[in-house]
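What follows is each chain in one-letter form.
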Amino acid sequence: MQDLTRQQLQINLNRLVGRAQRAGGWDIPTWTYQVKAQLVRLGQRAGYQTCTNGTVRGARWDKEWLYDLVWVHASDGFVVQDVFLVAEIEWRGTRAIQQDFQKLLLARADCRVLIFDDIAGLRDQLIEQARTFGKSRRGDCYLLASYRDGRFSVHEEII
């Protein structure tokens with residue numbers, strides 16, 4: 001089973017940038033849909049069941065479950081056995097981005113992903129928040145995928 005790496009996430013998100021540019025640009029709902037669809041495909045290739053809202057074809061459960069997107073191992077009755085990835089996607093405003101990141105702080109998953117529109121200095125603030133959060137544990141992994149100047153940059157932080 002293959003899990004998501006910083007490099008895989010960056011490559012796949014930047015492929016979406018190319019598609020958006022060839023299409024003449026995307027609005028926010030289209031960006032969100034495309035990012036979710038890409039993460040669903042990656043999760044399924046890695047052997048996980050995926051949960052996101054019903055607009056993304058192929059998701060195992062066609063609704064959000066706690067987060068914008070989740071990679072999970074669960075029984076058919078949805079008895080959760082393991083969660084590898086939880087992701088939040090936020091494009092608007094410092095406060096909304098910080099609130100979505102705070103949801104990730106609460107997750108007990110192998111990998112927590114935040115995909116966001118970069119605001120100067122915000123990534124460093126979020127990492128510091130993860131480091132100082134009282135429930136953080138050694139080895140907690142965050143992938144912060146920030147979009148700026150027509151490109152995604154993915155930063156991996158392991159606490």
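See the structure above.
Quick notes on the rules
- Residues numbered from 1 in each chain as written.
- Predicted model: local features only at pLDDT ≥ 70, side-chain atom pairs only at ≥ 80, totals over all residues.
- Heavy atoms only, no water.
- Core = buried A, V, L, I, M, F, W, Y, C linked by side-chain atoms within 4.5 Å.
- Buried < 20%, exposed > 50% of the residue type's maximum accessible area, 1.4 Å probe, protein only.
- Helix = DSSP H or I, 4+ residues; strand = E, 2+ residues; numbered from the N terminus.
- Contact = heavy atoms within 4.5 Å.
- Pairing = 2+ DSSP bridges.
- Axes fitted to C-alpha atoms, helices over the stretch in contact; angles between N-to-C directions.
- Parallel < 35°, antiparallel > 145°, perpendicular 65-115°, else oblique.
- Left-handed = near helix turned anticlockwise from the far one by under 90°.
- Nonpolar A, V, L, I, M, F, W, Y, C, P; charged D, E, K, R; others polar.

**Q** How would you sum up the nonpolar core? Please name residues and give values.
**A** Within the largest apolar cluster, 29 residues are counted, with the highest numbers of intra-cluster contacts made by Leu 4 and Ile 115. At the level of secondary structure, the elements contributing two or more residues to this core comprise helix 1 (6-22), helix 2 (28-45), strand 2 (69-74), strand 3 (80-90), strand 4 (111-117), strand 5 (141-148) and strand 6 (151-158). In this view, Leu 4 contacts Leu 9, Leu 39, Leu 42, Trp 71, Phe 84, Leu 85, Val 113 and Leu 143; residues no more than four positions away in its chain are not counted. Core analysis: the second largest hydrophobic core is formed by 21 residues, Ala 74, Phe 101, Leu 104 and Phe 116 among them.

**Q** A description of the sheet that holds strand 3 should follow, citing residues and the corresponding values.
**A** The pairing of strands in a sheet happens through backbone hydrogen bonds and is either parallel or antiparallel. Spatially, 1-2-3-4-5-6 is the arrangement adopted by the six strands of the open sheet, whose pairing is mixed. Because the sheet does not close on itself, it has two edges, and the strands there are strand 1 (49-51) and strand 6. If you compare each strand with its neighbour and ignore which way they point, the axes differ by 20° on average. Pairing of strand 4 with strand 5 involves six bridges; the strand directions are parallel. Paired with Val 113 across the bridge in strand 5 is Leu 143. Against the sheet, helix 1 engages strand 4, strand 5 and strand 6, with an angle of about 160° to strand 6.

**Q** So, the packing of helix 1 against helix 2: which residues are in play, and what are the values?
**A** The N-to-C vectors of helix 1 and helix 2 enclose an angle of 140°; their axes lie 11 Å apart at closest approach. By the criterion of interaxial angle, the relationship of helix 1 to helix 2 is oblique. Taken as a pair, helix 1 and helix 2 cross one another with a handedness that is right-handed. Seen from helix 1, the contacting residues are Leu 9, Asn 12, Leu 13, Leu 16, Val 17, Arg 19 and Ala 20; seen from helix 2, they are Trp 31, Gln 34, Val 35, Gln 38, Leu 39, Arg 41 and Leu 42. Residue composition of the contact of helix 1 with helix 2, grouped by class: nine nonpolar, three polar and two charged.

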